[in-house]
Amino acid sequence: MNEFFAMDGYGIYLWPSFALGIGVIVLNVILAWRSLAAAKLDARRRLEMQA
Amino acid sequence: MNWTWFHRLGSPPHVYGFAARWAPWFGGAATLAIVIALYGGLVLAPEDYQQKDAFRMVYVHAPSAWLSLMAYSTMAVAAAVGLIWRMKVAHSAAAACAPIGAWFTVAALGTGMLWGKPMWGTYWVWDPRLTAELLLLFLYFGYMGLRAAIEDPQKADKASAVFAIVGVVNVPIIKFSVNWWNSLHQEATVMRMGKPTMNFDMLWPLLLMFVGFALYFAAVVLIRLRAELLRRERGASWVRGVLA
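Conventions we followed
Residues numbered from 1 in each chain as written. Chains lettered and ligands numbered in written order. Predicted model: local features only at pLDDT ≥ 70, side-chain atom pairs only at ≥ 80, totals over all residues. Helix = DSSP H or I, 4+ residues; strand = E, 2+ residues; numbered from the N terminus. Rg over C-alpha atoms; globule rule 2.2 N^0.38 Å. Buried ≥ 20, exposed ≤ 12 C-beta atoms within 10 Å, placed from the backbone. pLDDT = per-residue confidence, 0-100. Axes fitted to C-alpha atoms, helices over the stretch in contact; angles between N-to-C directions. Parallel < 35°, antiparallel > 145°, perpendicular 65-115°, else oblique. Left-handed = near helix turned anticlockwise from the far one by under 90°. Nonpolar A, V, L, I, M, F, W, Y, C, P; charged D, E, K, R; others polar. Contact = placed C-beta atoms within 7 Å. Core = buried A, V, L, I, M, F, W, Y, C linked by C-beta atoms within 7 Å. Expected span 1.5 Å × (residues − 1).

A.B. asks: A description of the overall build of chain B should follow, citing residues and the corresponding values.
C.D. replies: Check the secondary structure of chain B and you find 9 helices and 0 strands. Going from N to C terminus, chain B has its helices and strands arranged as α-α-α-α-α-α-α-α-α. Over its C-alpha atoms chain B spans a radius of gyration of 20 Å, differing by no more than 12% from the 18 Å that the globule rule assigns to 244 residues. Referenced to the eigenvectors of the C-alpha coordinate spread, the extents of chain B come out at roughly 60 × 35 × 35 Å. Going through the 244 residues of chain B one by one, you find that 43% of them count as buried.

Structure representation (structure tokens):
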């Protein structure tokens, strides 16, 4: 297992690289959902004001 | 030829419904593809004879870089469609692509730096490929900044669309920079004329990762597109229906 994480001594570069890539993937999903939730809230408020 | 499908793309409620239905499917398929590709790339693929295990960074760096270019190309095409056919949905789609593309440009630059240090001995060089990729990040910032700076949505659409279309010239520059100029960056190994130069055991996880990233991009664009459409059409009657 240690050998796997060491990655021939390149682990200190490889794992942060994967963390960055996966982090960007997860972050983009969160930001997109937050953007949609904010847009829905804004639209609801607008409709309430019109009513 | 029947153009009904194209005209439907101009209808915000139709596109909103389509995005709501399909985003989870794209997201699910993307997750599956990325998880399998990660296992294939990190565990099953043999180490490279020159770069040893460092080559495995290709499984996150290359798809990120490719997605940064695909997002910009998609954005420019959507902007052009919006400009030519005056389609508001297309401008919304272009706006939805920009933040995703910017984040994956950051990922491509960051993972490239982490790969560059053990291979080239430095995190950064002002190499044509790296410099053009950095310029791509500034183009995304410019596009988003321009849209945010103009209050009138129609003027913002037009100005940002022209900006996106002009900036697309950077995409082939990034792609072919390694062929046109002397570069530390290696030449294309997968997306090139002729056969890929990679061994199949290394290649299939990478190809699957490309597929996963493409599906992921589709899923996130569709979520962001829904948000863009709601913001733009918040006073419209169809919005009342979808929020009920």
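A.B. asks: I'd like a rundown of the confidence of the model for chain B, residues and numbers included.
C.D. replies: Averaged over all residues, the pLDDT of chain B equals 92, while 98% of them reach at least 70. With a pTM of 0.93, the predicted complex shows an ipTM of 0.93.

A.B. asks: Now, about the packing of helix 3 (residues 58-85) of chain B against helix 4 (residues 88-120) of chain B: what can you tell me, with residues and values included?
C.D. replies: Residue and element names in this part refer to chain B. Two elements in contact, helix 3 and helix 4, have axes separated by 7 Å at closest approach and are oriented at 160°. By the angle class used here, helix 3 and helix 4 are roughly antiparallel. Where helix 3 crosses over helix 4, the two elements pack in a sense that is left-handed. Here the contact of helix 3 with helix 4 is composed, by residue class, of 19 nonpolar, 10 polar and no charged.

A.B. asks: So what about the interface of chain B and chain A? Which residues, and what values?
C.D. replies: Taken together, the contacts link 34 residues of chain B with 27 residues of chain A. Of all the secondary structure elements, the ones that give two or more residues to the side of chain B that touches chain A are helix 3, helix 4, helix 8 (200-232) and helix 9 (237-243) of chain B. Examining the composition of the side of chain B that touches chain A, we find that 12 residues originate from one element, helix 4 of chain B, more than from any other. Of the residues belonging to the side of chain B that touches chain A, the class tally is 19 nonpolar, 5 polar and 10 charged.

A.B. asks: So what about the nonpolar core? Which residues, and what values?
C.D. replies: One finds B:Ala71, B:Met75, B:Ala94, B:Cys97, B:Tyr216, B:Phe217 and B:Ala219 to be the most contacted residues of the largest nonpolar core, which totals 84 residues. At the level of elements, helix 2 (11-50) of chain A together with helix 2 (12-44), helix 3, helix 4, helix 5 (128-149), helix 6 (153-167) and helix 8 of chain B are the ones that each hand at least two residues to this core. The dominant element in this core, judged by the number of residues it contributes, is helix 8 of chain B, at 18 residues.

A.B. asks: Can you lay out unusual backbone geometry for me, pointing to particular residues and giving the numbers?
C.D. replies: Residue and element names in this part refer to chain B. At Lys52, a position not held by glycine, the phi torsion is positive, near 55°. On the secondary structure map, Lys52 appears in the loop between helix 2 and helix 3. The class for Lys52 is partly exposed, based on 14 C-beta atoms found within 10 Å. The phi torsion at Arg86 lies on the positive side, around 50°, for a residue other than glycine. Along the polypeptide, Arg86 turns up in the loop between helix 3 and helix 4.

A.B. asks: Which residues make up the packing of helix 2 of chain A against helix 8 of chain B, and what values do they have?
C.D. replies: Close contact between helix 2 of chain A and helix 8 of chain B brings their axes to 8 Å; oriented N to C, the two are set at 20°. Classified by the angle between their axes, helix 2 of chain A and helix 8 of chain B sit roughly parallel to one another. When the axes of helix 2 of chain A and helix 8 of chain B are compared, the crossing they make is left-handed. Residues A:Ile25, A:Asn28, A:Val29, A:Ala32, A:Trp33, A:Ser35, A:Leu36, A:Ala39, A:Lys40, A:Asp42 and A:Ala43 of helix 2 of chain A touch helix 8 of chain B, and the partners they reach there are B:Tyr216, B:Val220, B:Ile223, B:Arg224, B:Arg226, B:Ala227, B:Leu230 and B:Arg231. Looking at side-chain class alone, the contact of helix 2 of chain A with helix 8 of chain B contains 12 nonpolar, 2 polar and 5 charged residues.

A.B. asks: Which residues make up helix 2 of chain A, and what are the values?
C.D. replies: Here helix 2 of chain A is 40 residues long and its end C-alpha atoms lie 58 Å apart, about the 58 Å a rise of 1.5 Å per residue gives. Among all positions of helix 2 of chain A, only A:Tyr13, A:Leu14, A:Ser17, A:Leu20, A:Gly21, A:Val24, A:Ile25, A:Asn28, A:Ala32, A:Leu36, A:Ala39 and A:Ala43 are buried. In the core, the buried residues of helix 2 of chain A are packed alongside helix 3, helix 4, helix 8 and helix 9 of chain B.

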